[in-house]
Amino acid sequence: QVFLSTRSHTWVISRVSDHGFPFDMVSTTRFNSLLEWLLPSALTRRIKFRKFNSWFNHTNYGLASSKSSKFKMIINEELPFCLLSGTVVLKPNVKEFTESSAVFEDGTTEGNIDAVLFATGYNFSFPFLEESVGSAIDDNRSLYNCIFPPQLEKPTLAIIGLIQLTGSIMVGSEMQARWVTGVFAGWNKLPPPSRMMAEVLKRKPPVKRNPSERENLKMSFISYVDKIAACAGVKPSVLRLLLTDPQLGLAVFFGPCSPYQYRLVGRGSWSGARAAILTQWQRSLKPLRTRLLGGSSSSTSGWGWRCLLALPAALTAAWLLSKHRQPGWSPRAGL
């Protein structure tokens, strides 16, 4: 028997999403990112909760309530079935331990506990750095763009991977490495240390928070990777693609924000990136086509037509993005 004690609301989602595609292929798109930026936060939160509850009602399982203003999300297919079968029993936060039992905040006690596993995360440190440098790195907000310590006279140190993104950390770390390589090689330039320090202080919270609150470090995948890609000179222009190559532009805007997008332009560009973007849906299903059924058709066969019909929306979104870059413009005022 396993008891799972949790202190916060947790939303559990599956890696398998609409039409059986991977969750990140369906959800991590520039179109969804733009919608989340434009819509009020209360509305986007309600949409997310509705989507999360489409698999199973989290309130019935005691995992999360739609009335919560904050939430954490994990990807796990096994937990709902373990709770449903009784293999795992969900409990509130632990109040105290006795010699062989656990007392929970709701007053219940479970005895004959054989082992306790603490899934409390971890703390990071840099003991190999000089004290003046390592002690100044509280978290990634102490670094310029979560990479460069701003207090150094010259940019001779970069920290890769100290990020929590809503998408793949490997893609974000690779983009960091591409920019850092350009800085060290002299291809890309950093602002003066004073300007970097001012940017870091702007991102710092006004009050010292609990270092165990790792949610403070989580950032939007597309927003952050786009920001670093722009610094490295490899960020694709959606508006330009929509005007010069509409098929590719629609795929970049409405389709998965896969790493191929950052191989279209700039240093390290790849001639096969366009074809890889346009065929990624079909290739994701290729390993599953070991048994073909008569009359079956790909769920992506009409994707190109849907994108063409959505072209006006894409152009409008591109216009909004261009207006967003103008100083003094806000999304609410622009709408």
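Everything below is about the structure printed above this text.
All values derive from a computational prediction rather than experimental measurement. (Residues numbered from 1 in each chain as written. Predicted model: local features only at pLDDT ≥ 70, side-chain atom pairs only at ≥ 80, totals over all residues. Heavy atoms only, no water.)

Trainee: How should I be thinking about the packing of aromatic side chains in this particular structure?
Mentor: Any pair of aromatic rings gets described here by the distance separating the centres and the angle formed by the planes. In the structure shown here, the tally under the stated rule is 14 aromatic pairs. Seen from their ring centres, phenylalanine 126 and phenylalanine 128 are 6.1 Å apart, and the 85 degrees between their planes marks the pair as edge-to-face. A relative accessible area of 16% means that phenylalanine 126 is categorised as buried. Residue classification places phenylalanine 128 among the exposed residues on the basis of a relative accessible area of 68%. (Phe/Tyr/Trp six-rings, centres within 6.5 Å; stacked < 30°, edge-to-face > 60°. Buried < 20%, exposed > 50% of the residue type's maximum accessible area, 1.4 Å probe, protein only.)

Trainee: Could you clarify how one ought to interpret a nonpolar patch on the surface in this entry?
Mentor: Together, Phe97, Val116 and Phe118 make up an exposed nonpolar region whose accessible area comes to about 310 Å². Relative to the helices and strands, phenylalanine 118 resides in the loop between strand 7 (109-110) and helix 6 (131-134). Residue phenylalanine 118 is classed as exposed on the basis of its relative accessible area, which comes to 62%. (Patch = residues over 30% accessible without salt bridge, like charges linked within 9 Å, V, L, I, M, F, W, Y side chains within 5 Å. Areas by Shrake-Rupley, 256 points an atom, 1.4 Å probe, with all protein chains shown as cover. Salt bridge = Lys/Arg side-chain N within 4 Å of Asp/Glu carboxyl O. Helix = DSSP H or I, 4+ residues; strand = E, 2+ residues; numbered from the N terminus.)

Trainee: Would you explain the sheet that holds strand 5 (residues 94-97) in this entry?
Mentor: Across a sheet, strands are paired by hydrogen bonds formed along the backbone, either parallel or antiparallel in direction. Sheet architecture is open: 3 strands sit in the order 5-6-7, paired in antiparallel fashion. Both outer strands of the open sheet, strand 5 and strand 7, are each paired with one neighbouring strand and no more. Here strand 6 (residues 102-104) pairs with strand 7 via 2 bridges, running antiparallel. Within strand 7, the residue paired with valine 103 across the bridge is threonine 109. (Pairing = 2+ DSSP bridges.)

From the geometry alone we can't say anything about function, so treat these as descriptive.
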